[in-house]
Amino acid sequence: MSYLRFEKALMTNLEDSLPKELLRTNRSGAYSCSTIVDCNTRKYHGLLVVPVPEIDDENHVLLSSLDVTVIQHGAEFNLGLHKYQGNNFSPKGHKYIREFDCDKVPTTIYRVGGVLLKKEVVFQHYEDRLLIRYTLVEAHSATTLRFRPFLAFRSVRQFTHENTVASRDYSEVDNGIKTCMYAGYPDLYMQFSKKNEFVFQPDWYRGVEYPKEQERGYASTEDLYVPGYFEMPIKKGESIVFSAAVSSIKPSVLKKLFDEEVAERNPRDNFFHCLVNAAHQFHIRKKNDDRYLLAGYPWFKCRARDTFISLPGLTLSIEEQDYFELVMKTAEKGLREFMAGKPLTVQIAEIEQPDVLLWAIWAIQQYAKEAGLEKCRDMYGQLVKDIVKFIESGKHNNLQLRDNGLLYSNGKDKAVTWMNSTANGYPVVPRTGYIVEFNALWYNALCFAQSIAELDGDKALAEQLNERAAVCQKSFVDTFLNEHGYLFDYVDENPRDWSVRPNMIFAAAFDYSPLDQAQKKSVVDYCTRELLTPKGLRSLSPKSGGYNPMYTGPQTQRDYAYHQGTAWPWLGGFYMEALLKLYKRTRLSFIERQMVGYEDEMAYHCLGTIPELFDGNPPFHGRGAMSFAMNVAEILRTLELLENYKY
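Residues numbered from 1 in each chain as written. Predicted model: local features only at pLDDT ≥ 70, side-chain atom pairs only at ≥ 80, totals over all residues. Heavy atoms only, no water.

**Examining the overall build of the chain**
Here comes step 1: Within the chain one finds 17 helices and 34 strands.
Here comes step 2: What you see for the chain is a C-alpha radius of gyration of 26 Å, in line with the 26 Å of a compact globule of 647 residues.
Here comes step 3: Each of the three principal axes of the chain carries a C-alpha extent, and together these read 85 × 50 × 45 Å.
Here comes step 4: Looking at the 647 residues of the chain, the share that counts as buried comes to 63%.
Here comes step 5: Taking as baseline every contact in the chain between residues at least 6 positions apart, the subset at least 24 positions apart corresponds to 65%.
Here comes step 6: Total accessible area on the chain stands at roughly 24,500 Å², and carbon and sulfur atoms take up 48% of it.
Here comes step 7: Distance between charge centroids for the chain: 3 Å, based on 76 positive and 83 negative side chains. (Helix = DSSP H or I, 4+ residues; strand = E, 2+ residues; numbered from the N terminus. Rg over C-alpha atoms; globule rule 2.2 N^0.38 Å. Buried < 20%, exposed > 50% of the residue type's maximum accessible area, 1.4 Å probe, protein only. Contact = heavy atoms within 4.5 Å. Areas by Shrake-Rupley, 256 points an atom, 1.4 Å probe, with all protein chains shown as cover. Lys, Arg positive; Asp, Glu negative; His and termini not counted. Charge placed at Lys NZ, Arg CZ, Asp CG, Glu CD.)

Here it is as structure tokens:
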């Protein structure tokens, strides 16, 4: 039995099936996403969603959906499903679903009387091309298939509505048509592996509604344009492949191409393999061969901090050292351009954030543990030294090294840490001054740079770094450790933030910690008692003022809850690492039980991956982006740590 398989009872119950989403990507920035019953519930959903750099840096929904109708003896059975205003679902094709399987490729089996139709979907790697294969498994009489495409041609952040500007023009191509609704967009090619008849019957389907947008307090309805329909007969045992793309293709190669794409897919037959597939979905390869890691789907871009936190888990933990090196090659180019004050030639956002350079060193440190310190020194030793020197020189405009050996950053007016939600133009959590994870990262960076200097035989530099680390360590403990045994989240001259937050866990988790064993144990104990959930660490303790654990409602309401009690799996990864370092094998069974909480998510929200965050209170419902790189990465890294401690 497949790991991700759902029977008819669940598929036909929209209360159970609509929350389950499915994501497919091409590793070049385009994606295909909907629910497992093919009913779009977000404005970000669509069969073919691609970047259109000629217009902007957003993704754009070209083909929203494709309704398939089975025709026998003149009777029509539409397998599509759309939600319209007034809580109306039509044409309710989900009632024909017999089962859904997502082992290698998403596969849906429909039964309509004596007809058994199988649908399989793949997204071609590195091409903006979606392929769907329809196979008539059983049929007792002549059968015809009709395909009705729903077009949007709009940004994922907007809606389209019936208008007179949209072009109705189309041109016939091999076994299909090409069309483009608006100037500036690429042509959409819709082709089949079999000759067919296209019937031009233009119409707008009005009032399509997206309930996920309603929940988030946004506008939620649009109109979709249908240019007509394709129709063709199909025999028992026959397969037909549909292609939706921004370029034409020879219909004769579609079946072979589909088979080749399926052969490249790794099965999602267990928890680990699901996470590996999810990790690959964050890969982005640009035309100039630059490599990136996307921060998440469906609305995130490549962000610097997310890249360096995610990189070890998404590559090294699954034995893909080569992709670590490819991403780091692109990222190093961006880091050096930033430090030199040059315009960026790489597409990495927020590289100016003050902790990004520190997280880059942490990522390189993880590489050293996998590849060996000597190879790491050869690959990235100079970069590590240059980053430390850049910080010490005071050239970063928002990261100052003070006389006490600690780093100071101004976050009063603009968010500078990963807790970056804003309301009315100001940070919801104004973390400023001496920030706890910045300085834990700094101490760790100094010690790691010292190990590289020692390997180089540079005794003078090693001694300098050792002295600076000693000053930093003493100041860290004096500044952050309070009489209750946990760490202040940030300290800015007089104000101290007494809130119990998870950012102190980094000081206990890093290989080089400014804390002694007793201090680390106290920090971990506080995280266990007040922050730990089955879905990671809360961003704020329930005992602290302003606790707001439910990430629901309109944008402003969600902004105030974003880092005020919600749970984050990636923070849980560092908690597990600290726990293993303190208690070794005695905590293995506890961590394995924690992993069960994440495995439950494989079949609950977006299949086979982990969402952005969770409510901080039971039932810990998944929220935000449907797939989040840092969460997937840290769970993979935790699984690797578990294996290392077992054997």
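**A short note on helix α17 (residues 629–646)**
Here comes step 1: Between the first and last C-alpha of α17 there are 26 Å, a value that for 18 residues agrees with the 26 Å anticipated at 1.5 Å per step.
Here comes step 2: For α17, a buried count of 14 out of 18 residues is recorded, marking the element as mostly surrounded by other parts of the structure. (Expected span 1.5 Å × (residues − 1).)

**Concerning the side chain of R291**
Here comes step 1: Counting through the fold element by element, R291 comes out in strand β21 (residues 291–293).
Here comes step 2: Within the structure, R291 has its side chain in polar contact with the side chain of D289 (distance 3.2 Å).
Here comes step 3: Apart from the residues lying within four places of it in its own chain, the contact partners of R291 are I284, R285, Y323, L326, V327 and T330. (Polar contact = N/O pair within 3.5 Å; in protein donor to acceptor, adjacent residues only side chain to side chain.)

**Structural notes on the environment of V70**
Here comes step 1: Structurally, V70 is set in strand β5 (residues 59–72).
Here comes step 2: Those residues within four positions of V70 in sequence are excluded, and the remaining contacts are A75, E76, F77, L79, V115, L117, T143, T144 and L145.

**Observations concerning the packing of aromatic side chains**
Here comes step 1: The tally for this structure, following the rule as stated, stands at 41 aromatic pairs.
Here comes step 2: Ring geometry for F282 against Y297: centres 6.3 Å apart, planes inclined by 25 degrees, an arrangement best described as stacked. Of this pair, F282 sits in the loop between α5 (271–281) and β20 (283–285) while Y297 sits in strand β22 (residues 296–297); the two residues are 15 residues apart in sequence, bridging distant segments of the chain. For the pair F282 and Y297, a shared accessibility class is recorded, and that class is buried.
Here comes step 3: The lysine or arginine in question, R146, covers the ring of Y229, its NZ or CZ lying 4.5 Å from the ring centre.
Here comes step 4: Here the basic side chain of R637 rests over the ring of F574, its NZ or CZ set 5.0 Å away from the ring centre. (Phe/Tyr/Trp six-rings, centres within 6.5 Å; stacked < 30°, edge-to-face > 60°. Lys NZ or Arg CZ within 6 Å of the ring centre and 35° of its normal.)

**Topic: the environment of R377**
Here comes step 1: Positionally, R377 belongs in helix α9 (residues 373–392).
Here comes step 2: At a separation of 2.8 Å, a polar atom in the side chain of R377 contacts the side chain of D378.

**With respect to the pairing of strand β14 (residues 170–173)**
Here comes step 1: Where β14 and strand β15 (residues 176–179) come together, 4 bridges link them in antiparallel fashion. Each residue of the ladder has a partner; that of S171, found in β15, is K178.
Here comes step 2: Between the end of β14 and the start of β15, which pair antiparallel, lie 2 residues, with N175 showing a positive phi angle near 55 degrees. (Pairing = 2+ DSSP bridges.)

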